[in-house]
Number of protein chains: 2
Amino acid sequence: MKVTIIGLGLIGGSMAKDMRKIGFASQITGVDNNPDHCSQALNHKIVDAIATLDKGITNADLIILAIPVLGAQKVIHALLDKIDDRTVVMDVGSTKTGICNEIRDHPSRKNFVATHPMAGTEFSGPDAAIEGLFRQKASIICDREQSSPEAVELVINLYHALGMHTIYMNASDHDVHAAYVSHISHISSFVLSLTVLEKEKSEKAILDMASGGFESTVRLAKSSSEMWSQIFIQNKNPMIEVIDKYSDYLTEFRQAILNDDKTKIETLIQKANEIKKALK
Amino acid sequence: MKVTIIGLGLIGGSMAKDMRKIGFASQITGVDNNPDHCSQALNHKIVDAIATLDKGITNADLIILAIPVLGAQKVIHALLDKIDDRTVVMDVGSTKTGICNEIRDHPSRKNFVATHPMAGTEFSGPDAAIEGLFRQKASIICDREQSSPEAVELVINLYHALGMHTIYMNASDHDVHAAYVSHISHISSFVLSLTVLEKEKSEKAILDMASGGFESTVRLAKSSSEMWSQIFIQNKNPMIEVIDKYSDYLTEFRQAILNDDKTKIETLIQKANEIKKALK
């Protein structure tokens, strides 16, 4: 199968590595605006060739759109204008309402499958691409009834080949769940980092005092500003909702500490402890 | 050397395991109010014997006070009343002002060394004790000038034997740094967990959608309510300060998202990214 990947970052690059290894793709063409990403992808043999967008999509069986979400929303309409009728296009962005709304009435809407593989690391670019990133993780397919059964089947086959299981959801439900289970974690880490950096001017002081707990909690603060600024903006309403809930709980802790209310703090922590069950 | 450990939890238990392995202690006696902890500690051969507090401290060369911080503050005065003049007492709690103030004028203050080994996991109790927990981590010794040089030397020898390096700080500076580099991480994780659990009633939904990022950020939310409620209360003023700073940054993110202010969001994230340097 001929696969074209638009956007040779962590997700696009890691998919390419696995698709080649398991023989899902016979030829992988890469498209990326960033010349450094193109040469890194060639050097790491992530792609067979680099092409312009127009050349890259010609004759492709599957096009994977793996650029940040506002960019994806911007190009998807023109992309569907240009493809052959037999070509399947999928995206892998962390928000789904924007891109699905953008092409709701496009004549080739059925060729498009909206997906979100729930996998990643705090690193970015083709250098960060790793084999096995998707194994035993879930991938969400949104608004599947808008896609042709053949297109959905191809995408499911790909995700199964990558070792993922698939979940179906509508785009707006997805975006709310993603805000709660993924996007707020990033806000939480970014805010933690900013708070600590403001106080601790010396990196050595942080390094000395930071035990494993801090490292784990702040890990996502290393994530890409380009990618996450776009996700937060595109997922604005769910983000505001989840930040407000988060903020309410923060205020509850603050008030309980201020009141020396040990019982209240213990109750909050014991409730928080229940996350154990979900992470077994 | 005869060592008595009061509090057979993660820290006390892990210290015992290493002290025995490296031959630092010839005999380890455990004291704990919780009968389950006592039998677990005996079963795991963490201690040679269990004793009451009064019997446990008789003839000890070193007493390690490893119970939650409010409890430690409560017993330290009476403990120093009872010890021989040659016995050294150290604590390992996450806050230092409370305990140091409590015994500021005690005639045996010089026998006491206030310490905070910066190591731990989200688990608790003797079952959670592991070998090598302290290796390559820092331990902070507070108000060393209040302790006798011999007592400090013994404690430094222990920490070096455990593979730690030592840092000196006064107790109130310690508590502010700990609030920023350790305690707020826990608040952040607890609040994240509460926020997600409120929305996602189904554990399966969380499990399906949670990628590694969420797991890492929420890990500390599994931590002990008994231990952390006491730390937060004892470190009240620094906690309120750090929560307010954290809350300000959260509000900055919220406002920037509400305004679709991509540049502002990117600037915040890029500043947060600088934590990379401290975590190398």
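Residues numbered from 1 in each chain as written. Chains lettered and ligands numbered in written order. Predicted model: local features only at pLDDT ≥ 70, side-chain atom pairs only at ≥ 80, totals over all residues. Heavy atoms only, no water.

Another aspect to go through is the overall build of chain A. From N to C terminus, chain A includes 13 helices and 8 strands. Compactness check: chain A gives a C-alpha radius of gyration of 21 Å against a globular reference of 19 Å for 280 residues, within 12% of the reference. C-alpha extents for chain A along the principal axes are approximately 65 × 40 × 30 Å. Expressed as a percentage of its 280 residues, the buried residues of chain A come to 59%. As presented, chain A carries roughly 11100 Å² of accessible surface, and 49% of it is formed by carbon and sulfur atoms. (Helix = DSSP H or I, 4+ residues; strand = E, 2+ residues; numbered from the N terminus. Rg over C-alpha atoms; globule rule 2.2 N^0.38 Å. Buried < 20%, exposed > 50% of the residue type's maximum accessible area, 1.4 Å probe, protein only. Areas by Shrake-Rupley, 256 points an atom, 1.4 Å probe, with all protein chains shown as cover.)

For the rest of this paragraph, the subject is the sheet that holds strand β3 (residues 49-50) of chain B. Residue and element names in this part refer to chain B. One open sheet accounts for 8 strands, arranged β3-β2-β1-β4-β5-β6-β7-β8; its pairing is mixed. Of all the strands in the sheet, just β3 and β8 (165-169) have a single pairing partner and so form its edges. Two elements, strand β4 (residues 62-65) and strand β5 (residues 88-91), share 4 bridges in a ladder whose sense is parallel. Counted as the bridge partner of Ile64 is Met90 from β5. In this fold helix α6 (residues 149-161) packs onto β4, β5, β6 (112-117), β7 (138-142) and β8, with an angle of close to 55° to the strand it touches most, β5. (Pairing = 2+ DSSP bridges. Contact = heavy atoms within 4.5 Å. Axes fitted to C-alpha atoms, helices over the stretch in contact; angles between N-to-C directions.)

Attention shifts here to the side chain of B:Ser147. All names here are of chain B. With respect to the helices and strands, Ser147 occurs in the loop between β7 and α6. At 2.6 Å, the side chain of Ser147 and the backbone oxygen of Phe112 are in polar contact. In contact with Ser147, not counting residues within four places along its chain, are Arg109, Lys110, Phe112, Val113 and Val152. (Polar contact = N/O pair within 3.5 Å; in protein donor to acceptor, adjacent residues only side chain to side chain.)

All names here are of chain B. For the structure on display, the rule yields 30 salt bridges over all chains. The residue Lys222 makes a salt bridge to Glu122 at a minimum N-O spacing of 3.8 Å. On the criterion of sequence distance, the pair formed by Lys222 in the loop between α9 (212-218) and α10 (225-234) and Glu122 in the loop between β6 and β7 is long-range, its members being 100 residues apart. Overall, the relative accessible area of 7% leaves Glu122 in the buried class. (Salt bridge = Lys/Arg side-chain N within 4 Å of Asp/Glu carboxyl O.)

The partner chain A presents 92 residues to the 92 residues of chain B that form the contact. Taking both partners together, chain B and chain A bury about 8700 Å²; carbon and sulfur atoms supply 70% of that area. In this assembly, chain B and chain A are joined by 10 salt bridges. For the pair chain B and chain A, the number of links is 25 residue pairs in polar contact (both at pLDDT 80 or more). Looking at which element gives the most residues to the side of chain B that touches chain A, the answer is helix α7 (residues 171-199) of chain B, with 21 residues. Here the residues of the side of chain B that touches chain A are counted per class, giving 47 nonpolar, 21 polar and 24 charged. (Buried area = accessible area lost by both parts, 1.4 Å probe. Nonpolar A, V, L, I, M, F, W, Y, C, P; charged D, E, K, R; others polar.)

Using the criterion set out here, one finds 9 aromatic pairs over all chains in the structure. Summarising the aromatic geometry, the rings of A:Tyr246 and B:Tyr246 are spaced 6.4 Å apart at their centres and angled 25° between planes, so their arrangement reads as stacked. One end of the pair, A:Tyr246, is in helix α11 (residues 236-258); the other, B:Tyr246, is in helix α11 (residues 236-258), on a second chain. The buried category is assigned to B:Tyr246, whose relative accessible area is 0%. For A:Arg144, the ring lying beneath its charged end belongs to A:Tyr168, and the centroid distance is 4.0 Å. (Phe/Tyr/Trp six-rings, centres within 6.5 Å; stacked < 30°, edge-to-face > 60°. Lys NZ or Arg CZ within 6 Å of the ring centre and 35° of its normal.)

For the rest of this paragraph, the subject is the state of the cysteines. Tallying each qualifying case throughout the model produces 0 disulfides over all chains. The thiol of B:Cys142 is unpaired, and the distance to the nearest cysteine sulfur, on B:Cys100, comes to 6.3 Å. (Disulfide = S-S within 2.5 Å.)

Turning next to unusual backbone geometry. Phi is positive for A:Asn59, close to 70°, though the residue is something other than glycine. Within the secondary structure, A:Asn59 sits in the loop between α3 (53-57) and β4 (62-65). Among the residues examined, A:Asn59 registers a relative accessible area of 44% and is labelled partly exposed. We note that B:Lys45 has phi near 55°; this positive angle belongs to a residue other than glycine. Relative to the elements of secondary structure, B:Lys45 occurs in the loop between α2 (35-43) and β3.

On to the pairing of strand β1 (residues 2-6) of chain A, then. Residue and element names in this part refer to chain A. Of all the 5 residues making up β1, 4 are buried; the element is thus mostly covered by neighbouring parts of the structure. Taken together, β1, helix α1 (residues 10-21) and strand β2 (residues 27-31) constitute a β-α-β crossover, and its handedness is right-handed. Note that β1 and β4 share 4 bridges and pair parallel. Looking across to β4, one finds that Ile6 is bridged to Leu65. (Right-handed = clockwise from strand over helix to strand, strands pointing away.)

Turning our eyes to something else, we now look at the environment of B:Val89. Residues and elements named next belong to chain B. With respect to the element layout, Val89 can be found in strand β5. The exposure class assigned to Val89 is buried, which follows from its relative accessible area of 0%. C-alpha of Val89 to C-alpha of His116: the two residues are 27 residues apart in sequence and 13 Å apart in space. Discounting residues that sit within four places of it in the chain, Val89 has contacts with Ile63, Ile76, Leu79, Leu80, Ile83, Asn111, Phe112 and Val113.

Bringing the packing of helix α10 (residues 225-234) of chain A against helix α12 (residues 262-273) of chain B into the picture now. It is at 9 Å that the axes of α10(A) and α12(B) come closest, and there the two elements cross at 135°. Accordingly, the angle class assigned to the pair α10(A) and α12(B) is oblique. Between α10(A) and α12(B) lies a crossing of right-handed hand. Taking contact as the criterion, the partners of A:Ser225, A:Glu226, A:Trp228, A:Ser229, A:Gln230, A:Phe232 and A:Ile233 in α10(A) are, on α12(B), B:Lys262, B:Ile265, B:Glu266, B:Ile269 and B:Gln270. When its residues are assigned to classes, the contact of α10(A) with α12(B) shows 5 nonpolar, 4 polar and 3 charged. (Parallel < 35°, antiparallel > 145°, perpendicular 65-115°, else oblique. Left-handed = near helix turned anticlockwise from the far one by under 90°.)

Right, let's get into the relation of the copies chain B and chain A. The operation relating chain B to chain A is a screw motion whose rotation component is 180°, with 0.0 Å of axial translation and a residual RMSD of 0.0 Å. In symmetry terms, the pair is related by a two-fold rotation axis. Closest approach to the rotation axis among the C-alpha atoms of chain B is made by B:Thr217, whose C-alpha sits 2.1 Å away. Interface overlap between copies: 100% of the residues of chain B at the interface are likewise at the interface in chain A, consistent with a symmetric, same-surface contact. (Least-squares fit on C-alpha atoms with pLDDT ≥ 70 in both.)

Sheet strands line up and pair through hydrogen bonds in the backbone, either parallel or antiparallel. Residue and element names in this part refer to chain A. The strand order across the open sheet built from 8 strands is β3-β2-β1-β4-β5-β6-β7-β8, with neighbouring strands paired in mixed fashion. With partners counted over all chains shown, the strands left at the sheet margins are β3 (49-50) and β8 (165-169), one partner each. Examined bridge by bridge, strand β5 (residues 88-91) and strand β6 (residues 112-117) share 3 bridges and lie parallel to one another. Residue pairing in the sheet places Met90 in a bridge with Val113 of β6. Against the sheet, helix α7 (residues 171-199) contacts β6, β7 (138-142) and β8, and its axis sits at roughly 115° relative to β8.

Limitation: the analysis is restricted to geometry and does not speak to function.
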